[in-house]
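Chain and residue survey
This is what each chain is made of:
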Amino acid sequence: MRIRIIAIGTKMPDWVEAGYAEYAKRLPRDLVVEMVELPLAVRGKNTDIQKAMEKEGEAIQAAIGKNEKIIVLDVKGKAWSTEQLAENLAAWKMSGDNFCLLIGGPDGLSPAILQMASIKWSLSPLTLPHPLVRILLIEQLYRACSILQNHPYHK
């Protein structure tokens, strides 16, 4: 199974790269996770935020692979426990599909991208910094895998 994380934002701080890499290397071989970084639309004092989000949405749409199931990370999405994530991950593996998880920019995802999603998932009702979301997401994928493999990490 392959999961691609498509995220708005490039040039993450070293601590983000290191944190992400630490959990990514722990994933089992049967789960391939790829990070795809897309540039943030230019924002300035007089920027039309909707236009910036639309531009980011167009870039995301171009990066989504054919036949990938789309899961957006959105504060208004459904919250899952780690155990529920593990159940979902097991079902995703059984489906034979590939998935893409979408992380928006500072203003979120465009309405067009939100409409494309088959699943809307909220990591937390808190507003989280997008670099931290990357680490949290990959750690939770690893934790879900550890549950499925009866590995003691989750305890």
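This text gives an overview of the structure that appears in the document. Since the model is a prediction, treat every value here as computed from it, not as a measurement.

Conventions and cut-offs
- Residues numbered from 1 in each chain as written.
- Predicted model: local features only at pLDDT ≥ 70, side-chain atom pairs only at ≥ 80, totals over all residues.
- Heavy atoms only, no water.
- Helix = DSSP H or I, 4+ residues; strand = E, 2+ residues; numbered from the N terminus.
- Buried < 20%, exposed > 50% of the residue type's maximum accessible area, 1.4 Å probe, protein only.
- Contact = heavy atoms within 4.5 Å.
- Core = buried A, V, L, I, M, F, W, Y, C linked by side-chain atoms within 4.5 Å.

1. What about the side chain of S110?
Within the secondary structure layout, S110 lies in the loop between β4 (99-103) and α4 (111-116). Residue S110 is classed as buried on the basis of its relative accessible area of 5%. With sequence-adjacent residues up to four places away left out, S110 is seen in contact with M53, E54 and G57.

2. Some details on the nonpolar core
Core analysis: the largest hydrophobic core is formed by 26 residues, its most contacted members being I3, I5, V33, W92 and L137. Breaking this core down by element, the ones donating at least two residues are β1 (2-8), α1 (14-26), β3 (69-79), α3 (82-95), β4 and α5 (130-148). By residue number, the principal contributor to this core is α5, which donates seven residues. When sequence neighbours within four positions are dropped, the list of residues in contact with W92 reads M1, I3, I71, W80, L85, D97, F99 and I119. Counting residues in each nonpolar core, the second largest holds 15 residues, with I6, L102, L109 and A117 among its members.

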